[in-house]
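Read off the chains here:
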Amino acid sequence: MTKEDLLDALAELKHDLGKYILLPVSFLPEDASQSEVRAALETALMRTRVTPRGGVRGAEDLWSAFSEECRESLGPLQSFEELQAVVVRALSWAERLTNPVSSLDRAALQADLAEVSAAIARVIEEVEGG
Amino acid sequence: MDKPRVLVIDDGTSYAEIIATRMPELALVPLPPPHEGGRIADGPAALEFLKKKRSAVDVVLLDMHFDVPDERLLDLEEATSPRRKRRFQGLAILREIHKAHCDLPVVLLTAAPDLSLADVKVDLGPQSLTYLLGSDDIDALRIRLHAAYHESKEVQIQDSGDVMWGSSPQMRAVRRRLSVLARGRMPIILEGETGTGKSYLAERYIHDLSGRSGPFLVCDLSAVPTELIPAHLFGAVRGAYTGSVADRKGLFELANHGTLFIDEVQNIPLDVQRQLLLVLQDSRVRPLGAAKQLEVDVKVIAASNEPLDAAVAKGMFRPDLYMRLSPATRVRLLPLRERREDLEYLARSFIERACDEPEVEELRCQVAQAVGLPAMAKAKVRIGREKAPSGQRGVLELVIVEPSWQQLEQHGWPGNIRELEMVMRNIAVFTLVAAMDAIRQGVPLESPRLQVDPALIGELLSGSTRLMSEGEEPRESAFDSRDPRRLEIELEAAPSLNAVANVVERQYFLHLYRNYRGDFAQMAVVLLGDASKHRAVRLRFNQLGLKVREL
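Being a predicted model, the structure only gives us computed values, none of them experimental. (Residues numbered from 1 in each chain as written. Chains lettered and ligands numbered in written order. Predicted model: local features only at pLDDT ≥ 70, side-chain atom pairs only at ≥ 80, totals over all residues.)

J.: What's the story with the overall build of chain B in this structure? I'm lost.
T.: The number of helices and strands found in chain B is 20 helices and 18 strands. Across the 551 residues in chain B, those meeting the buried criterion constitute 36%. (Helix = DSSP H or I, 4+ residues; strand = E, 2+ residues; numbered from the N terminus. Buried ≥ 20, exposed ≤ 12 C-beta atoms within 10 Å, placed from the backbone.)

J.: In this structure, what is going on with the overall build of chain A? I would like to understand it.
T.: Assigned secondary structure in chain A consists of 6 helices and 2 strands. The N-to-C order of helical and strand elements in chain A reads α-α-β-β-α-α-α-α. Counting across all 130 residues of chain A, residues that qualify as buried make up 38%.

J.: Sorry, what's going on with the packing of helix 4 (residues 78-91) of chain A against helix 6 (residues 106-129) of chain A here?
T.: Angle between the axes and distance between the axes are the two parameters that describe a pair of packed helices. Residue and element names in this part refer to chain A. Closest axis-to-axis distance for the helix 4/helix 6 pair is 9 Å, and the angle between their directions is 165 degrees. Judged by the angle between their axes, helix 4 and helix 6 are roughly antiparallel. Note that helix 4 runs across helix 6; the crossing there is left-handed. Between helix 4, through S79, F80, E82, L83, V86, V87, R89 and A90, and helix 6, the contact on the second element is made entirely by D112, L113, E115, V116, A119, I120, R122, V123 and E126. (Axes fitted to C-alpha atoms, helices over the stretch in contact; angles between N-to-C directions. Parallel < 35°, antiparallel > 145°, perpendicular 65-115°, else oblique. Left-handed = near helix turned anticlockwise from the far one by under 90°. Contact = placed C-beta atoms within 7 Å.)

J.: Would you mind going over the pairing of strand 1 (residues 5-9) of chain B with me for this structure?
T.: Residue and element names in this part refer to chain B. In terms of burial, strand 1 is a largely internal element, 4 of the 5 residues being buried. Where strand 1 lies against strand 2 (residues 27-28), 2 bridges are found, and the strand directions are parallel. The partner of R5 across the bridge, within strand 2, is A27. Handedness of the crossover joining strand 1 and strand 2 through helix 1 (residues 14-22) is recorded here as right-handed. Sheet analysis places strand 1 next to strand 4 (residues 59-63), joined by 4 bridges and oriented parallel. (Pairing = 2+ DSSP bridges. Right-handed = clockwise from strand over helix to strand, strands pointing away.)

J.: How do you make sense of the environment of A434 of chain B when you look at a structure like this?
T.: Here A434 of chain B shows up in helix 16 (residues 416-440). Sequence-wise, A434 of chain B and V452 of chain B are 18 residues apart; in three dimensions their C-alpha atoms are separated by 9.4 Å.

J.: Mind showing me how you'd approach the sheet that holds strand 14 (residues 379-383) of chain B here?
T.: Two modes of strand pairing occur in sheets, parallel and antiparallel, and in both the strands are linked by backbone hydrogen bonds. Residues and elements named next belong to chain B. Read from one edge to the other, the open sheet built from 3 strands follows the order 14-15-16, with strand pairing classed as parallel. Bordering the open sheet on either side are strand 14 and strand 16 (449-451), each of which pairs with just one other strand. Neighbour-to-neighbour, the strand axes of this sheet turn through a mean angle of 30 degrees, independent of strand direction. Note that strand 15 (residues 396-400) and strand 16 share 3 bridges and pair parallel.

J.: Where do I start with the packing of helix 1 (residues 3-26) of chain A against helix 3 (residues 59-74) of chain A in this structure?
T.: Residues and elements named next belong to chain A. Orientation of helix 1 relative to helix 3, taken along the N-to-C sense of each, is 160 degrees, at an axis distance of 11 Å. By the angle between their directions, the pair helix 1 and helix 3 is classed as roughly antiparallel. In this structure, helix 1 crosses over helix 3, and the sense of that crossing is left-handed. In contact with L6, A9, L13, D16, L17 and I21 of helix 1, helix 3 contributes A59, L62, W63, F66, E69, C70 and S73.

J.: So what exactly am I meant to see when it comes to helix 13 (residues 343-356) of chain B here?
T.: All names here are of chain B. Under the 1.5 Å per step criterion, the end-to-end length of helix 13 is 20 Å for 14 residues, consistent within 8% with the ideal 20 Å. Among the residues making up helix 13, those that are buried are A347, F350, I351, A354 and C355. In an axial view of helix 13, the angular spread of the buried residues amounts to 130 degrees, which keeps them on one side of the axis. Where helix 13 is buried, its residues contact helix 14 (358-370), strand 14, strand 15, helix 15 (402-410) and helix 16. (Expected span 1.5 Å × (residues − 1). Arc of directions from axis to C-beta.)

J.: Quick question: what am I supposed to make of the environment of P414 of chain B here?
T.: Residues and elements named next belong to chain B. Structurally, the position occupied by P414 is in the loop between helix 15 and helix 16. With 21 C-beta atoms counted inside 10 Å, the residue P414 sits in the buried group. Separated by 131 residues in sequence, P414 and G545 place their C-alpha atoms 6.7 Å apart.

J.: Whenever I open this one, the environment of S462 of chain B confuses me. Can you help?
T.: Tracing the chain through its elements places S462 of chain B in helix 17 (residues 454-468). Along the primary structure S462 of chain B and A499 of chain B are separated by 37 residues, whereas in three dimensions their C-alpha atoms are 9.9 Å apart.

J.: What is the right way to look at the confidence of the model for chain B in this model?
T.: Close inspection of predicted coordinates is inappropriate for parts of the model with low pLDDT. All names here are of chain B. In this model, chain B carries a mean pLDDT of 82, and residues with pLDDT of at least 70 account for 86%. Confidence over residues 469-482 falls short of pLDDT 50; this stretch has 19 contacts with residues more than four positions distant or in other chains. Of the two predicted TM-score estimates for the complex, the pTM is 0.56 and the ipTM is 0.80. (pLDDT = per-residue confidence, 0-100.)

J.: What should I look at first to understand unusual backbone geometry in this one?
T.: Glycine aside, the phi torsion of most residues is negative, and most peptide linkages are trans. Residues and elements named next belong to chain B. Put simply, P33 and P34 share a cis peptide bond, and its omega is 10 degrees. Residue position: P34 is located in the loop between strand 2 and strand 3 (39-40). Phi angles above zero are rare outside glycine, and H257 is one such case at about 65 degrees. The residue H257 is located in the loop between helix 9 (251-254) and strand 9 (259-262) in this model. In this model, E264 sits at a positive phi of 50 degrees, which is unusual for a non-glycine residue. In this fold, E264 is placed in the loop between strand 9 and helix 10 (270-282). Its 21 C-beta neighbours within 10 Å are what place E264 among the buried residues.

J.: Teacher, can you tell me more about the nonpolar core here?
T.: Burial of nonpolar side chains together is a common tendency in soluble globular proteins. With 70 residues, the main nonpolar core has I21, V116 and V123 of chain A together with L61, L62 and V107 of chain B as its most contacted residues. The biggest single contributor to this core is helix 1 of chain A, with 10 residues. (Core = buried A, V, L, I, M, F, W, Y, C linked by C-beta atoms within 7 Å.)

J.: How do you make sense of the sheet that holds strand 8 (residues 216-219) of chain B when you look at a structure like this?
T.: Residue and element names in this part refer to chain B. Strand order across the open sheet formed by 5 strands is 8-9-12-7-13, with parallel pairing between neighbours. Unpaired on one side and paired on the other, strand 8 and strand 13 (330-332) mark the two borders of the sheet. For this sheet, the mean inter-axis angle between neighbouring strands, taken without regard to orientation, is 20 degrees. Pairing of strand 7 (residues 188-191) with strand 12 (residues 299-304) involves 4 bridges; the strand directions are parallel. Bridged to L190 within strand 12 is A303. Most of the contacts of helix 7 (residues 198-210) go to strand 9, to which it runs at about 165 degrees, and overall it touches strand 7, strand 8, strand 9 and strand 12.

J.: What is the right way to look at the confidence of the model for chain A in this model?
T.: Per-chain confidence: chain A averages 87 in pLDDT, with 96% of residues scoring 70 or above. The element-level mean pLDDT for chain A is lowest in strand 1 (residues 49-50) of chain A, coming to 80, with helix 4 of chain A highest at 94.

J.: Would you explain helix 2 (residues 43-53) of chain B in this entry?
T.: Residue pairs three or four apart in sequence face the same way in an α-helix, which turns once every 3.6 residues. Residue and element names in this part refer to chain B. Turning to helix 2, its buried residues are G43, A46 and L50. What you see down the axis of helix 2 is that its buried residues fit within an arc of 60 degrees, all on one side. Among the exposed residues of helix 2, those pointing more than 90 degrees away from its buried face are E48, K51 and K52. Taken together, the buried residues of helix 2 touch strand 1, strand 3 and helix 4 (89-100).

Structure (structure tokens):
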């Protein structure tokens, strides 16, 4: 991949994963109930992208597609290693969805999801710098 | 009050959901099928919608990245790959909206904090750019949307008043900037060519908006002898200088709690610039010969017809004064040739206003009655073959035919707004006079439409075209090189004596300027018999639309 292609792919990831994984939770009202937080989390991870092309894609699917395309080019980068860890942590919140009685710490959830976008930004920075 | 109506253009539905759920004071524009989710998902669909329903939209909220099929992407010349087009699709859509609906406010939104516009050249003009990163930014978005909405409304309101802004994105940006700067205490630097309306805006907009209780005063140093400039600006006590027989208040003291407009600030002598710097720093003035300083609260508007940083580079303006005036408050007023989209609006307004002026109104009433209209029928301008809008019966139409309009559009307008206003006023008056002459001679006029004589427009424009066209020399047939005061000039008939006088004066000034190699003091000796009046000569030189830089 050329550097420009890589940057475009990262921008796409930031748009599809970084942005849409965060928005549903981020813009919940202050006094949102647990069920509202749960619904937002489900949207964030399972219906991350509802595109005008008619597709519904989850966060894991988006991440797999990106990894497949760019892992080889990004492999050596420290920031990419960190991004992988951050995405795994964010995706792990999906396990809570299967357990209806587990409570969701909204602040922790939001911080983990927000970290995805920040980690992608660090990769972009390293690619641009390199 | 009706809620501002927001059209969301976004490939996803999140932003529309945020508006719908978190901003009850705004209304999403209702969209017909197949649009879903309260938004339009791509550029072509949005442009199609706006073409039919522009009036249903107050503000556009536009996303940057559009993940849509290739065939739904608008071209973006800076982006070659479809991926890149998607990444910056918001800019392509923004440009098209600008082209088709330049009065429509657009808030461009992105969730990407690393958005770089540097590699995509685009003139965002006055559009807001908002970074929406988290829930804390909802208010930022709310403020941007409301500001964009109110700004567009204010433009329409302001245009009905004294100041005509037009709708070009650049002038809207100037208006928005000045509306903020006017309210603060910081000085403002207004840059712009002669005739761009610097003093007019300073008085009618900035001072009015500033809420200051004191007067608006103009500092015109062109007619003040150099040695008296400090006393003129800062005041003097009796006996401070030869001929000083009484205490004299300076402009800073007179303008206390008000606004002082310093015209052609770049021409202030360097030693006076130093004193001016101290006044701006301390908000105190010491009149010449006085022991005590006076506290003053004056908002300074410094105007220059050339970029002040260039004057600094040439050593003509003190860098410390330039920094004190604050380059951050620099506002450039565009020459008319750089805001041609406003020409039609301004031309119409000037003609219609001229017809309402007391000295023209009587003439307009007479013509209106003669063609069977009520005496108080208003005048309206019609350009080319445009149809009269419905409900405009009973108006006196001044018709500018298409070739004449093209001539106006292609003109360079070196005298800017001032020149445009004079040409349009003349168009109004001459057209009404020609109609009245015909009526008096018994020519029966059947229609309330008066065609503006194409030859008149040609003549009105010819003066400045002849002299200001690039590389074109004035029509000097010969001059006596032994006596620079003698000059032979060839003239053609012009529509008014004023136009004739201006043509003569420009040629004479230009001739003197060349003969004395730009020494205004020597020109002042020839013209006014007094070298110290060089500022007055320089001022008149500028007023005639002559520019040192171009000579």
